[in-house]
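Residue strings, one per chain:
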Amino acid sequence: MEIKLPLYDLLNRFLIGLVFIGCVFAINISCFKPYMSKDYFETLSVGPEIIITICIFAISYEVGFIINRIGSIALEPFLKKTHLISFNNDYKLFNEAKEKYPIMETLSREYALSRTSTTLFLLLTIIALVGEKKILSVIFVLFAIIFCLSCRKFAKKLLS
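Being a predicted model, the structure only gives us computed values, none of them experimental.

### Digging into the packing of aromatic side chains
- Here the structure, examined in full by the defined rule, presents five aromatic pairs.
- When the centroid spacing of 5.2 Å and the interplanar angle of 75° are considered together, the rings of phenylalanine 14 and phenylalanine 57 count as edge-to-face. A residue pair is termed long-range when its members are at least 10 positions apart, and phenylalanine 14 in helix α1 (residues 7-27) and phenylalanine 57 in helix α4 (residues 46-81) qualify at 43 residues.
- Residue class for phenylalanine 14 comes out buried when judged on its relative accessible area of 17%.
- Phenylalanine 57 sits in the partly exposed class, given a relative accessible area of 45%.
- The interplanar angle of 10° and the centroid separation of 5.7 Å between the aromatic rings of phenylalanine 121 and phenylalanine 147 together place this pair among those described as stacked. Residue phenylalanine 121 is found in helix α6 (residues 103-130), and its partner phenylalanine 147 is found in helix α7 (residues 134-159); the two are separated by 26 residues along the sequence.
- When the ring centre of phenylalanine 65 is taken as reference, the NZ or CZ atom of arginine 69 above it lies at 5.9 Å.

The structure is reproduced here in structure tokens:
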């Protein structure tokens, strides 16, 4: 049995993780200032830099994957219960529609990306509130709302 991991999914999870790590860094920059000294980076040679870069990529992917799963396990059921999205869990109907309309797979991917992005910005909102960054938390809430509306749009298209 061959297992395929589409490049699209790999990049989305990596980029979601990278955005999360970058935003957490920006929210809590004072915590990272001691590690950002020029002397610290000058002492690294090529070998450790490559290892650190690979580790950052791996951590970014894992963080993106975890955010994706949080969206699937926590956010999606909440959206269904509050009727922000309506969904039919009958995958037989989805597979039949996918045979007739190949775009269904793309819509499904876009729905998942919107759900994951909503989760990302909700998590960043919580982190910004804990860090007492009210302006950032408002910006993150606005992004979460935009992606939630996008998620709702794709869910409606998947049902029709």
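### What to know about unusual backbone geometry
- One non-glycine residue, histidine 83, lies in the positive phi region at around 60°.
- The topology assignment puts histidine 83 in the loop between α4 and α5 (91-100).
- Overall, histidine 83 belongs to the exposed group, its relative accessible area being 65%.
- In this structure, glutamate 132 takes a positive phi of about 55° despite not being glycine.
- Checked against the element boundaries, glutamate 132 lands in the loop between α6 and α7.
- Classification of glutamate 132 by relative accessible area gives exposed; the value is 67%.

### Remarks on the environment of phenylalanine 87
- Mapped onto the elements of the fold, phenylalanine 87 is located in the loop between α4 and α5.
- The sequence separation of phenylalanine 87 and glutamate 76 amounts to 11 residues, and the corresponding C-alpha distance is 9.8 Å.
- For phenylalanine 87, the contacting residues outside a window of four places in its chain are Lys80, Tyr111, Ala155, Leu158 and Leu159.

### Remarks on the nonpolar core
- The biggest cluster of nonpolar side chains holds 13 residues, and the ones touching the most others in it are Phe20, Ile27, Ile67, Leu120, Phe121, Leu124 and Phe140.
- Elements with a contribution of two residues or more to this core: α1, α4, α6 and α7.
- Element by element, the count of residues in this core is highest for α1, at five residues.
- If near-sequence neighbours (up to four positions away) are discounted, isoleucine 27 is found in contact with Leu124, Ile127, Ala128, Lys133, Leu136 and Phe140.

### Remarks on the side chain of arginine 115
- Checked against the element boundaries, arginine 115 lands in helix α6.
- Take arginine 115: its relative accessible area is 7%, and that puts it in the buried class.
- Here glutamate 76 takes part through its side chain, which lies 3.4 Å from a polar atom of the side chain of arginine 115.
- If we skip the residues at most four places from it in the chain, arginine 115 touches Asn68, Arg69, Gly71, Ser72, Leu75, Glu76 and Cys151.

What counts and what doesn't
- Along each chain, numbering runs from 1 in the same order as the chain's sequence is written.
- Given that the model is predicted, a residue must reach a pLDDT of at least 70 before its local features are reported, and side-chain atom pairs must reach 80 or more before they are shown or counted; all residues, however, enter totals for whole chains, interfaces and linings.
- Derived side-chain values reflect all non-hydrogen atoms in the structure, with water molecules and hydrogen atoms excluded from consideration.
- Pairing of aromatic rings covers Phe, Tyr and the six-membered ring of Trp, with a centre-to-centre limit of 6.5 Å; geometry is then stacked below 30 degrees between planes, edge-to-face above 60, and tilted otherwise.
- Secondary structure elements are defined from DSSP: runs of H or I of at least 4 residues count as helices, runs of E of at least 2 residues count as strands, and each element is numbered from the N terminus.
- The rule is simple: take the accessible area with a 1.4 Å probe, protein chains only, and divide by the maximum for that residue type; under 20% is buried, over 50% is exposed, in between is partly exposed.
- Sitting over a ring, as applied to charges here, requires NZ of Lys or CZ of Arg to be within 6 Å of the ring centre and within 35 degrees of the ring normal.
- Any two residues whose heavy atoms approach within 4.5 Å are treated as being in contact.
- Take the buried Ala, Val, Leu, Ile, Met, Phe, Trp, Tyr and Cys residues and link them wherever side-chain atoms come within 4.5 Å; each set so joined is a nonpolar core.
- Any pair of N or O atoms that falls within 3.5 Å is considered a polar contact. Within protein, one atom must be able to donate a hydrogen and the other to accept it, and sequence-neighbouring residues count only if both atoms are side-chain atoms.

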